[in-house]
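# Coordinate inspection notes
Take a look at the letters that make up each chain.
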Amino acid sequence: MTKILIVDDDRQIAELIEVYMKNEGYDTAKASDGMEAFRMLEQSPYDLIVLDIMMPNMDGLEFCQKVRKHSSIPILMVSAKVGDMDKILGLMTGGDDYMIKPFNPLELIARVKALLRRASYQLAKEDEDVLRVGLLEIDKQSHAASVEGNAIKLTAREFEILFLLAKHRGRVFGSEEIFERVWNEPGEGSNQTVMVHISNLRDKLEAALPGETIIQTVWGVGYKIEK
């Protein structure tokens, strides 16, 4: 269930927002200032924060700066401050959206849903770029492969071959197709080149994962990653 943290020192407004969120099926928790909210974040994960700016002890801006040091959780700021500079400051501090009090409940719900959709899309995109084969993690963004945090030193070609096979697990790729996809050149006569790269890649993977065969050979056809 989606969990939303409501941070506002005005109890009535916090309870009102909570009613709106619960009506949409979201699980909620409330904090009355930034310090309390930060403690709650350390104890439990949340999917979105509805954040007031003017609060005692630790205001919304300071809280937002602190959260952004280690988290990209969506933050919807709500404030009675109506000036353009107030909104700009809130967004520059790390807020994802900004609403002025008093607000329309339907607009609040719409903005919350939009932020959750955006966060979900981004997460799905990141997941596509990080593949896992058992203990092996393959990160396309950083062009890196690792086992339990220990990096495996691969050449650019070796990494591209590994990512290709891992992304299409169970599918057999012939040498020519691997060459065409990784080298972006015609694959005719490339069997020996691909074989050498596969051999080197296997040696590195087996050193990192003793006893495991990540890349399998389908004799006369090509190579695949099965699991």
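Within any chain, residue numbers begin from 1 and follow the written order of that chain's sequence. Thresholds applied to this predicted model are a pLDDT of at least 70 for local features of residues and 80 or more for the giving and counting of side-chain atom pairs; totals over whole chains, interfaces and linings are not thresholded and use all residues. Think of the side-chain values as coming from all heavy atoms in the structure, minus any hydrogens and water.

Domain assignment breaks the chain into domain 1 (3-127) and domain 2 (130-225). A separation of 43 Å is found between the C-alpha centroids of domain 1 and domain 2. For the domain bounds, the source is a domain assignment made automatically or taken from a database.

This paragraph deals with the packing of helix α6 (residues 156-167) against helix α8 (residues 191-208). Between two packed helices, what matters for the description is the angle formed by their axes and the separation of those axes. Where α6 contacts α8, the two axes come as close as 10 Å, and the packing angle between them is 80°. As summarised for this structure, α6 and α8 are arranged roughly perpendicular, according to the angle between their axes. Contacts between α6 and α8 involve Arg157, Glu158, Ile161, Leu162 and Leu165 from the first element and His197, Ile198, Asn200, Leu201, Lys204 and Leu205 from the second. Charged means Asp, Glu, Lys or Arg here, nonpolar means Ala, Val, Leu, Ile, Met, Phe, Trp, Tyr, Cys or Pro, and polar covers whatever is left, Gly included. In terms of residue class, the contact of α6 with α8 is built from six nonpolar, two polar and three charged. Lines fitted to C-alpha atoms define the axes here, with helix axes fitted over just the stretch in contact, and angles between the N-to-C directions of these axes take values from 0 to 180 degrees. Secondary structure elements are taken from DSSP: a helix is a run of H or I of four residues or more, a strand is a run of E of two residues or more, and numbering for both begins at the N terminus. The scheme is simple: roughly parallel for angles under 35 degrees, roughly antiparallel for over 145, roughly perpendicular for 65 to 115, oblique for anything else. Whether two residues are in contact is decided by their heavy atoms, any of which lying within 4.5 Å being enough.

Turning to the pattern of salt bridges, a few remarks are in order. For side chains bearing opposite charge, pairing can occur when the charged atoms are close. Only one rule defines a salt bridge in this text: a Lys or Arg side-chain nitrogen within 4 Å of an Asp or Glu carboxyl oxygen. Here the structure, examined in full by the defined rule, presents 14 salt bridges. Glu137 is the salt-bridge partner of Arg132, the closest N and O atoms lying 3.2 Å from each other. Among the ionic pairs, Arg171 bridges to Glu177, the shortest N-O distance being 2.6 Å.

This part covers the UniProt feature "domain: Response regulatory" (unreviewed entry) in the chain. UniProt positions are given in the numbering used here, feature names are shortened, and annotations may be inferred rather than shown by experiment. Listed under "domain: Response regulatory" (unreviewed entry) in the UniProt record, and renumbered for this structure, are residues 3-116. Along residues 3-116 the backbone is 47% helical and 21% strand, and the end-to-end C-alpha distance reaches 11 Å.

Our focus in this paragraph is the sheet that holds strand β8 (residues 144-147). Each pair of strands is called paired provided DSSP finds at least two bridges between the two strands. On the basis of which strands lie adjacent, the open sheet formed by four strands has the order β6-β7-β8-β9 and antiparallel pairing. With one partner strand each, in any of the chains shown, β6 (130-133) and β9 (150-152) form the two edges of the open sheet. Across the sheet, the axes of successive neighbouring strands diverge by a mean angle of 30°, strand direction being ignored. Docked against the sheet, α6 engages β6, β7 (136-139) and β8, running at close to 110° with respect to β7.

With that out of the way, let us pick up the environment of Gly25. In this structure, Gly25 sits in the loop between α1 (11-23) and β2 (27-31). In this structure, the C-alpha to C-alpha distance between Gly25 and Ala110, residues 85 residues apart in sequence, is 14 Å.

The sheet built from five strands is open, its strands ordered β2-β1-β3-β4-β5 with parallel pairing. Each end of this open sheet is capped by a strand with a single partner; those strands are β2 and β5 (97-100). Direction aside, neighbouring strands of the sheet carry axes that sit 20° apart on average. Bridge count for strand β4 (residues 75-79) against β5 is four bridges, and the pairing is parallel.

Below, the discussion takes up the UniProt feature "modified residue: 4-aspartylphosphate" (unreviewed entry) in the chain. UniProt records the feature "modified residue: 4-aspartylphosphate" (unreviewed entry) for Asp52 in the present numbering. In this structure, Asp52 sits in strand β3 (residues 48-52).

In contact at an axis separation of 9 Å, helix α7 (residues 175-183) and α8 are set at 80° when each is read in the N-to-C sense. Between α7 and α8, the angle falls in the class roughly perpendicular. Each of Ser175, Ile178, Phe179 and Trp183 in α7 lies in contact with α8, whose residues at this interface are Asn191, Thr193, Val194 and His197. Tallied by class, the residues present in the contact of α7 with α8 amount to four nonpolar, four polar and no charged.

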